[in-house]
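Architecture at a glance
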Amino acid sequence: MRYERPQTITDATALLAGAAGNAHVLAGGTDLLVRMQNDDFDAGLVVDIKAIGGMCEIVESDNAFTIGAAVPCAALSEHAALVAAWPGIVEAANLIGSTQIQSRCTVAGNLCNASPAADSVPAMVAAGAQARIVGPDGTRMVAVEDIPQGPGKTSLEKGELIEAIVLTKPGPRSGDAYLRFIPRTEMDIAVVGVGVWLALDESGLVQEARVALGAVGPKVVLAQDAAAAIVGTPLDDAALDALAAACSAACNPIDDKRGTVTFRKQVAGVLARRAARIAHERAGVRQ
Amino acid sequence: MSFDATYRDKAFKSVGTRPLRPDGVDKVTGRARYGADFNMPGQLVARVLRSPHAHARIKRIDTSRAEAVRGVKAVITAADLPDLTDGDASLLAILDNCMARTKALYDGHAVAAVAAIDEKSAKQALKLIEVEYEILPHVVDVDAAARPDAPILNEAIRTSGVEPAPDTPSNVANRSEFGHGDVDAGFAQADVIVERSYRTEQTHQGYIEPHACVANCNPDGTTDLWVCTQGHFVYRQTCADLLGLEVSKLRVTSSEIGGGFGGKTHVWAEPVALALSRKAGRPVKLVMSREEVFRASGPTSATSIDVKIGAKADGTITAAEATLRYSNGPYADMWAELGAMTSFACYDLENVKTVGFEVLVNRPKVAAYRAPSAPMAAFAVESAVDELAHKIGMDAVEFRIRNAAKEGTRSSYGPVYGPIGIGPTLEAAKAHPHMSAPLGENQGRGMACGFWFNFGGQTCTDLNINADGTVTLAVGTVDVGGSRASLSLIAAEELGIDYQNVKAVVADTATLGYNDMTDGSRGTFSSSMATISAARNAIEVMRRRAALTWDIPVEDVHWEDGHAKAAGSKYDNLSPLSVKEIAAESGNSGGPIAGHSEMVADGAGVSFATHLCDVEVDPETGSTRIVRYTVIQDAGKAVHPAYVEGQYQGGAAQGIGWALNEEYIYGEDGRLQNPGFLDYRIPVCSDLPMIDTQILEIPNPNHPYGVRGVGETSIVPPLAAIANAVSNAVGVRMTHIPMSPPRILAALNADKDG
Amino acid sequence: MSSIAVSTTINGDDVEYLCQADETLLDVLRNRLGLMGAKEGCGTGDCGACSTIMDGRVVCSCLVLGAEAEGRSIETIEGMANGNELHPLQSKFIEHAALQCGICTPGFLMAAKALLDVKPDPTEKDIRFWLAGNLCRCTGYDKIVRAVQDAAQEMKGARA
């Protein structure tokens with residue numbers, strides 16, 4: 001295995017594009033190094049992107065936050081403006097692993113690891129986050145939900161890497177939230193995760209919504225029926241019941257060591273209801 | 001010299017205080033050396049090849065390609081560990097578990113091992129070992145394995161303990177029975193009977209330090225083993241037996257131990273490391289990975305238990321019966337038997353019967369885990385007892401007080417009790433503020449009792465009085481949680497000197513006589529008894545030295561408060577001599593001063609505890625939070641109360657993990673699905689509240705200071721206490737441990753649908 | 001395979017070492033530099049026994065490559081005491097019997113230090129969640145949490 005630490009993104013993409021065998025991007029390493037312990041792990045090249053300018057920075061512009069691909073999740077919660085704008089995403093990012101893991105793990109890495117149970121992904125999908133991808137052929141913006149293709153698989157082409165996650169600043173009367181279920185209080189992989197973003201109209205009805213589910217299928221699920229169930233409603237009990245039912249219906253989970261099909265479907269509805277309430281409350285106070 | 005172990009009430013000066021532990025600084029500075037923290041010159045790295053199959057015949061192993069890898073110095077298989085067990089079936093089982101001989105009996109069973117100059121070469125060599133397996137049908141479930149149509153693990157096994165002796169093989173290795181009276185007659189007198197079946201899943205001790213050792217076999221037969229173990233003398237004996245080594249030439253040094261809880265009472269990798277070192281002619285370091293720890297070492301039994309208890313309307317239990325099936329892994333042991341012995345040990349019963357079945361399954365060999373087998377039996381029995389109390393309409397604590405065993409009770413497993421703590425712990429529970437604290441929404445309170453035998457065993461100790469009057473205490477019981485502090489307190493107490501002037505160490509096997517391991521809650525009990533004996537012997541020497549100094553008869557010298565004193569007014573002019581003064585003169589008065597002791601520390605007092613627990617269950621997700629937890633346990637005498645509390649808290653925390661989330665999960669293929677701390681979910685810091693403790697001291701009449709073992713009992717009640725609390729919170733009786741959120745939610749759904 | 005030359009700072013001292021590309025910082029500390037206070041309990045970032053502080057953040061050294069330490073500042077348990085003067089956390093762990101077997105202790109101390117560095121007056125809940133990545137199987141965490149609380153109080157008093 002070769003370790004490289006390029007100084008520019010061009011060098012990074014060239015290294016990745018030119019690699020003969022398996023090549024991996026190293027940002028926080030909290031997934032990659034675990035896989036490296038595995039006896040059948042095989043990598044010819046690891047490209048550490050942390051020396052590349054901007055990779056470790058959160059940049060706030062007039063209309064967006066740009067989170068460099070190597071920014072550790074812990075840094076998200078230290079960015080007051082980001083916390084105020086996207087509390088659901090920051091909470092999701094800070095649910096990943098332990099304090100130690102959060103010192104290293106990144107939302108871009110969480111996305112590229114393409115685990116269906118990734119905590120930050122449903123939150124980002126609900127928020128309409130975009131990934132800025134750089135490759136040998138240039139730069140493109142891709143909706144976050146289009147990156148994971150199945151467990152461990154992404155839509156990135158050889159030589160491409162995520163440079164940053166871009167979050168547009170939220171509009172008035174909007175809010176996001178993410179909740180997940182784990183058996184313990186910390187340190188577990190999500191058994192079910194639900195991200196909700198919604199915006200209210202001036203009369204207080206839900207005008208727009210996005211609902212994303214994690215760990216209930218091979219990749220993150222953007223549950224459009226679930227969003228539709230609350231749009232136009234005051235998020236009353238009937239709307240929440242419809243939301244929960246739609247979320248349960250949108251699940252296509254498996255029985256595994258972390259949970260059962262029945263459990264995941266049922267709890268997806270429960271969490272959707274709770275997350276929607278939180279997002280609604282946040283939307284209510286944001287003018 | 002005869003030793004009088006009788007308890008005598010006295011005012012303590014050192015015992016019962018909370019001084020700083022002698023190994024504290026080393027452990028907070030990273031200087032303490034654990035199993036993996038030791039290296040030798042020219043040391044090789046070992047790696048073990050393990051079976052990916054739950055049950056498979058090993059048809060052929062070819063190691064030639066692995067041996068050819070550059071840097072590889074030795075490759076071994078079972079052929080390098082010939083059977084020297086001479087018909088000893090239990091020893092052969094240990095050998096077979098260290099390295100599969102004809103069949104791989106579980107996912108993770110060792111089949112070969114490599115020693116190489118570095119990890120990379122060793123790993124490369126492992127991949128080149130060719131093993132041809134014939135895959136056999138497997139069985140991992142305890143009930144399925146006990147059925148007549150189950151795949152048989154060992155064709156030679158006939159169920160023992162049944163009449164007439166069966167002539168067909170079975171996975172049920174043994175049946176054991178305990179009890180007295182006539183349970184049928186007893187049930188006939190009952191007004192109310194509760195009868196239920198319970199299940200518990202397999203758990204692991206979960207010590208944070210993986211097994212690790214460094215083995216060095218020299219060409220002249222002298223051999224050293226550095227290892228994290230709960231019993232280096234036992235490891236020495238087992239390794240010597242398995243490898244045909246002379247006991248005197250095998251020197252075993254116990255490292256600091258990073259947790260054991262029973263899991264480091266059995267050899268695993270040590271004979272493999274020794275065999276590799278012998279073959280390679282170099283020192284070999286073998287450290288298990290976390291995955292190997294889960295797949296190949298230590299779990300406790302999975303169980304299936306039926307309980308039936310009957311009582312009169314006034315709350316008197318008339319009969320109690322339990323049938324217990326415990327998984328053993330692939331080798332027969334006595335885990336169900338221990339469960340059958342402990343089931344009803346808390347109660348004074350006229351009619352009681354317990355039957356235990358040892359069941360072989362394709363899972364790792366079961367190892368002791370803190371009060372082994374008792375928590376599962378207590379879960380079943382204490383759940384049924386709680387339900388019975390509710391049915392009769394009695395308070396759960398009152399019901400237990402009414403039926404509690406006391407001094408003179410004939411226990412369900414045979415012996416008649418002396419003074420015991422079950423009644424006092426229940427009375428303390430009744431009076432505890434926890435019992436009357438208000439409960440919130442979705443919260444429930446539960447309680448349960450627990451019992452453990454405790455153990456004494458072979459013990460040997462040296463106590464040396466140094467020329468400056470300080471004391472070096474060498475013990476042979478491994479310090480798993482502060483016993484060097486406790487034993488220093490004991491020596492200080494008996495000699496009448498300051499704790500600061502005693503330094504306790506754990507001696508290696510070459511420098512002290514044989515000691516049983518630190519198991520059975522015996523470390524502080526047995527070594528404190530031996531320390532008192534050694535101190536008394538040293539005092540005898542000091543009395544003689546004082547008599548010599550004063551030139552008076554030794555009968556006229558008595559020992560008081562750390563001083564030799566001349567008895568009677570005729571010696572008024574003789575000032576008492578301190579330990580320091582006597583020690584200073586030792587070179588001129590007969591040489592070094594020491595006390596030795598060797599004994600079988602009999603009379604370990606049985607131990608009882610009562611736990612109280614409040615939980616909050618989220619009815620929509622089945623998630624359980626421990627809101628409040630109280631441990632009340634009899635310590636006999638708490639030598640160092642902080643470490644007694646630590647044992648209470650640690651046992652409770654392990655029980656909480658077992659009750660709620662910990663379990664071995666097997667796939668259809670018989671492979672372990674969760675061999676890591678990510679999905680084998682031990683409690684994390686944010687899962688638990690502070691754990692309150694109340695130490696009761698009902699002196700053990702068979703120990704000079706009244707000490708009982710305290711380490712194990714605390715893991716016995718939690719499963720039942722939490723199950724009772726959850727059942728009270730949600731109104732549905734939980735009968736399957738762990739009560740993971742999917743299980744609780746499924747039970748709630750079934751209750752709604754039903 | 002050729003080795004990578006790394007220049008870094010460990011416990012305030014300049015350190016240079018050679019390591020393999022796939023070698024973890026934990027292996028470098030333990031096997032190359034003799035700093036064996038960091039323990040390997042799992043190798044997968046689930047137990048926290050190998051916790052060290054890198055540029056002010058607590059990390060699992062089993063999930064950091066040795067090569068990544070280039071130009072960084074690493075703190076390990078061996079650097080926590082100031083000569084013979086223990087850090088208040090170290091003293092309080094001994095005083096409160098916050099360790100039994102002690103294998104998790106170096107990791108807990110590093111994580112707790114990182115907490116008090118950023119949050120000198122944590123609540124019990126803060127402490128419990130911050131330390132959730134450090135597994136202890138002996139104590140039930142009770143005495144560990146109390147030791148951290150007491151150390152925070154003492155350090156606050158010393159600053160006042």
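Predicted, not measured: the structure shown is a model, and the values here were computed from it.

1. Focus: the overall build of chain C
If you tally the helices and strands in chain C, you get five helices and five strands. The N-to-C order of helical and strand elements in chain C reads β-β-α-β-β-β-α-α-α-α. The C-alpha atoms of chain C give 16 Å as radius of gyration, which agrees with the globular expectation for 160 residues (15 Å, within 12%). Referenced to the eigenvectors of the C-alpha coordinate spread, the extents of chain C come out at roughly 50 × 35 × 25 Å. The proportion of buried residues among the 160 residues of chain C is 63%. A fraction of 55% describes how many contacts in chain C between residues 6 or more apart in sequence connect residues 24 or more apart. For chain C, the exposed area adds up to about 5400 Å²; of that, 45% sits on carbon and sulfur atoms. Computed over 15 positive and 22 negative side-chain charges, the inter-centroid distance for chain C is 9 Å.

2. Re the domain arrangement of chain C
Residue and element names in this part refer to chain C. Looking at chain C, the domain boundaries give domain 1 (4–79) and domain 2 (88–159). Its C-alpha centre places domain 1 at a distance of 21 Å from the equivalent point of domain 2. Contacts between domain 1 and domain 2 engage 13 residues on the former and 13 residues on the latter. Counting each side, the surface lost to burial between domain 1 and domain 2 is near 1000 Å², with a carbon and sulfur contribution of 66%. The largest contributions to the domain 1 side of the interface with domain 2 come from Ile53, Val58 and Ile77, which together make up 39% of the buried area. If you look at where domain 1 meets domain 2, you find one salt bridge. Two residues, Glu75 and Lys113, come together in a salt bridge whose shortest N-O distance is 2.9 Å. Per-element tally for the side of domain 1 that touches domain 2: the top contributor is strand 3 (residues 51–54), with three residues. Classifying every residue of the side of domain 1 that touches domain 2 by side-chain character gives five nonpolar, five polar and three charged.

3. Let's talk about the side chain of A:Gln102
Tracing the chain through its elements places A:Gln102 in helix 6 (residues 99–102). Among the polar contacts listed, one links the side chain of A:Gln102 to the backbone oxygen of A:Gly97, at a separation of 3.4 Å.

4. Considerations on helix 1 (residues 9–18) of chain A
Residue and element names in this part refer to chain A. Those residues of helix 1 lying buried are Ile9, Ala12, Thr13, Leu15 and Leu16. Each buried residue of helix 1 sits inside an arc of 160° when the element is viewed along its axis, so together they form one side. Along helix 1, exposed side chains directed more than 90 degrees from the buried face belong to Thr10 and Gly18. Elements in contact with the buried residues of helix 1: strand 1 (2–4), strand 2 (23–26), strand 3 (45–48), strand 6 (130–135) and strand 10 (161–168).

5. A few points about the sheet that holds strand 1 (residues 44–50) of chain B
Residues and elements named next belong to chain B. Strands sit in the order 3-5-1-12-9-10-11 across an open sheet of seven strands; the sheet is mixed. Two strands lie at the open edges of the sheet, namely strand 3 (72–76) and strand 11 (250–254), each paired on one side alone. On average, each strand axis in the sheet is tilted by 20° relative to the strand beside it, whichever way the strands run. In this sheet, strand 5 (residues 110–116) lies alongside strand 1 in antiparallel orientation, the contact comprising six bridges. Bridged to Arg50 within strand 5 is Ala110. Of the strands in this sheet, strand 10 (223–227) and strand 11 are in contact with helix 7 (residues 232–243), which crosses strand 11 at around 145°.

6. Observations regarding the packing of helix 15 (residues 483–495) of chain B against helix 16 (residues 523–550) of chain B
All names here are of chain B. Where helix 15 contacts helix 16, the axes come no closer than 9 Å and their chain directions differ by 35°. Where helix 15 crosses over helix 16, the handedness of that crossing is right-handed. Two secondary-structure elements touch here, helix 15 through Ser483, Ser486, Leu487, Ile490, Ala491, Glu494 and Leu495 and helix 16 through Thr524, Ser527, Ser528, Thr531, Ile532, Ala535, Arg536, Ile539 and Met542. Looking at the contact of helix 15 with helix 16, its residues break down into eight nonpolar, six polar and two charged.

7. Section: the environment of A:Thr66
Residue and element names in this part refer to chain A. Examined against the element boundaries, Thr66 turns out to sit in strand 5 (residues 64–68). As a C-alpha pair, Thr66 and Ile165 span 99 residues in sequence and 5.8 Å in three-dimensional space. Every residue in contact with Thr66, bar those within four places of it in the chain, is listed here: Glu57, Ile58, Val59, Arg132, Ala164, Ile165 and Val166.

8. Structural notes on the sheet that holds strand 7 (residues 138–143) of chain A
All names here are of chain A. A sheet is described by the order of its strands in space; here five strands give the open sequence 4-5-10-6-7, paired in antiparallel fashion. The open sheet terminates on both sides in strands that have one partner only, identified here as strand 4 (58–60) and strand 7. Adjacent strand axes in the sheet meet at a mean angle of 25° when their direction is disregarded. Strand direction decides the pairing type here: strand 6 and strand 7, joined by six bridges, are antiparallel. Paired with Gly135 across the two strands is Gly138, which belongs to strand 7. Across the face of the sheet, helix 1 comes into contact with strand 6 and strand 10 while running at roughly 130° to strand 10.

9. Focus: the interface of chain B and chain A
With 24 residues of chain B in contact, the opposing surface of chain A contributes 19 residues. Of the roughly 2000 Å² buried between chain B and chain A on both sides combined, carbon and sulfur atoms contribute 51%. Three residues, B:Glu620, B:Leu678 and B:Arg681, lead the burial of chain B against chain A; their summed loss comes to 25% of the area buried on that side. On the surface where chain B and chain A come into contact, there are five salt bridges. For B:Arg681, the salt bridge goes to A:Asp188, with nearest N and O atoms at 3.6 Å. If you look at where chain B meets chain A, you find ten residue pairs in polar contact (both at pLDDT 80 or more). Mapped onto the side of chain B that touches chain A, the elements with two or more residues apiece are helix 4 (119–128) and helix 21 (741–753) of chain B. Broken down by element, the residue count for the side of chain B that touches chain A peaks at four residues, all from helix 21 of chain B. Residues belonging to the side of chain B that touches chain A are distributed by class as follows: nine nonpolar, seven polar and eight charged.

10. As for the packing of aromatic side chains
Summed over the entire model, instances satisfying the criterion amount to 18 aromatic pairs over all chains. Ring geometry for B:Phe294 versus B:Phe677: centroids 5.6 Å apart, planes at 85°, classification edge-to-face. Residue B:Phe294 is located in helix 9 (residues 290–296), and its partner B:Phe677 is located in the loop between helix 19 (641–660) and strand 26 (691–696); the two are separated by 383 residues in the primary sequence. Aromatic pair C:Phe108 and C:Tyr141: ring centres 6.2 Å apart, planes at 55°, arrangement tilted.

11. Here we look at the nonpolar core
Within the largest apolar cluster, 196 residues are counted, with the highest numbers of intra-cluster contacts made by B:Val307, B:Ile309, B:Tyr629, B:Ile722 and C:Phe93. Among the elements that line this core, the one with the most residues is helix 11 (residues 374–392) of chain B, at twelve residues. Discounting chain neighbours no more than four positions away, the residues touching B:Val307 are B:Val194, B:Glu195, B:Arg196, B:Tyr198, B:Glu321, B:Ala322, B:Phe344, B:Ala380, B:Val381 and B:Ala384. Listed in part, the 88 residues of the second largest apolar core include A:Leu76, A:Ala92, A:Ile162 and C:Val6.

12. A short note on the pairing of strand 9 (residues 212–217) of chain B
Residues and elements named next belong to chain B. Most of strand 9 is tucked away, with six of its six residues classed as buried. In strand 9, alternate side chains face the same way, and those of Ala212, Val214 and Asn216 on one face and Cys213, Ala215 and Cys217 on the other are all buried. Of the pairings in the sheet, the one linking strand 9 to strand 12 (residues 284–287) comprises four bridges and is antiparallel in character. Of the residues in strand 12, the one forming a bridge with Val214 is Lys285. Relative to strand 10, strand 9 is paired through five bridges, and the arrangement is antiparallel. Paired with Cys213 across the two strands is Val227, which belongs to strand 10. In sequence, strand 9 turns back onto strand 10 through a hairpin of five residues, with Gly221 there showing a positive phi of about 95°.

13. A word on unusual backbone geometry
Residue B:Pro164 is reached from B:Glu163 by a cis peptide bond, and omega for that bond is -10°. With respect to the helices and strands, B:Pro164 occurs in the loop between helix 5 (142–146) and strand 7 (172–180). A cis amide bond links B:Ile737 to the next residue, B:Pro738, at an omega of 5°. Secondary-structure assignment places B:Pro738 in the loop between strand 27 (736–737) and helix 21. Non-glycine residue A:Leu235 carries a positive phi angle of around 55°. For A:Leu235, the location among the structural elements is in the loop between helix 9 (224–230) and helix 10 (237–250). By relative accessible area, which is 9% here, A:Leu235 ends up buried. A positive phi is found at B:Asp561, a non-glycine position, where the angle reads about 55°. As for its placement among the helices and strands, B:Asp561 is situated in the loop between strand 20 (557–560) and strand 21 (563–566). Among the residues examined, B:Asp561 registers a relative accessible area of 46% and is labelled partly exposed.

Parameters at a glance
- Residues numbered from 1 in each chain as written.
- Chains lettered and ligands numbered in written order.
- Predicted model: local features only at pLDDT ≥ 70, side-chain atom pairs only at ≥ 80, totals over all residues.
- Heavy atoms only, no water.
- Helix = DSSP H or I, 4+ residues; strand = E, 2+ residues; numbered from the N terminus.
- Rg over C-alpha atoms; globule rule 2.2 N^0.38 Å.
- Buried < 20%, exposed > 50% of the residue type's maximum accessible area, 1.4 Å probe, protein only.
- Contact = heavy atoms within 4.5 Å.
- Areas by Shrake-Rupley, 256 points an atom, 1.4 Å probe, with all protein chains shown as cover.
- Lys, Arg positive; Asp, Glu negative; His and termini not counted.
- Charge placed at Lys NZ, Arg CZ, Asp CG, Glu CD.
- Domains from an automatic or database assignment.
- Buried area = accessible area lost by both parts, 1.4 Å probe.
- Salt bridge = Lys/Arg side-chain N within 4 Å of Asp/Glu carboxyl O.
- Nonpolar A, V, L, I, M, F, W, Y, C, P; charged D, E, K, R; others polar.
- Polar contact = N/O pair within 3.5 Å; in protein donor to acceptor, adjacent residues only side chain to side chain.
- Arc of directions from axis to C-beta.
- Pairing = 2+ DSSP bridges.
- Axes fitted to C-alpha atoms, helices over the stretch in contact; angles between N-to-C directions.
- Left-handed = near helix turned anticlockwise from the far one by under 90°.
- Phe/Tyr/Trp six-rings, centres within 6.5 Å; stacked < 30°, edge-to-face > 60°.
- Core = buried A, V, L, I, M, F, W, Y, C linked by side-chain atoms within 4.5 Å.

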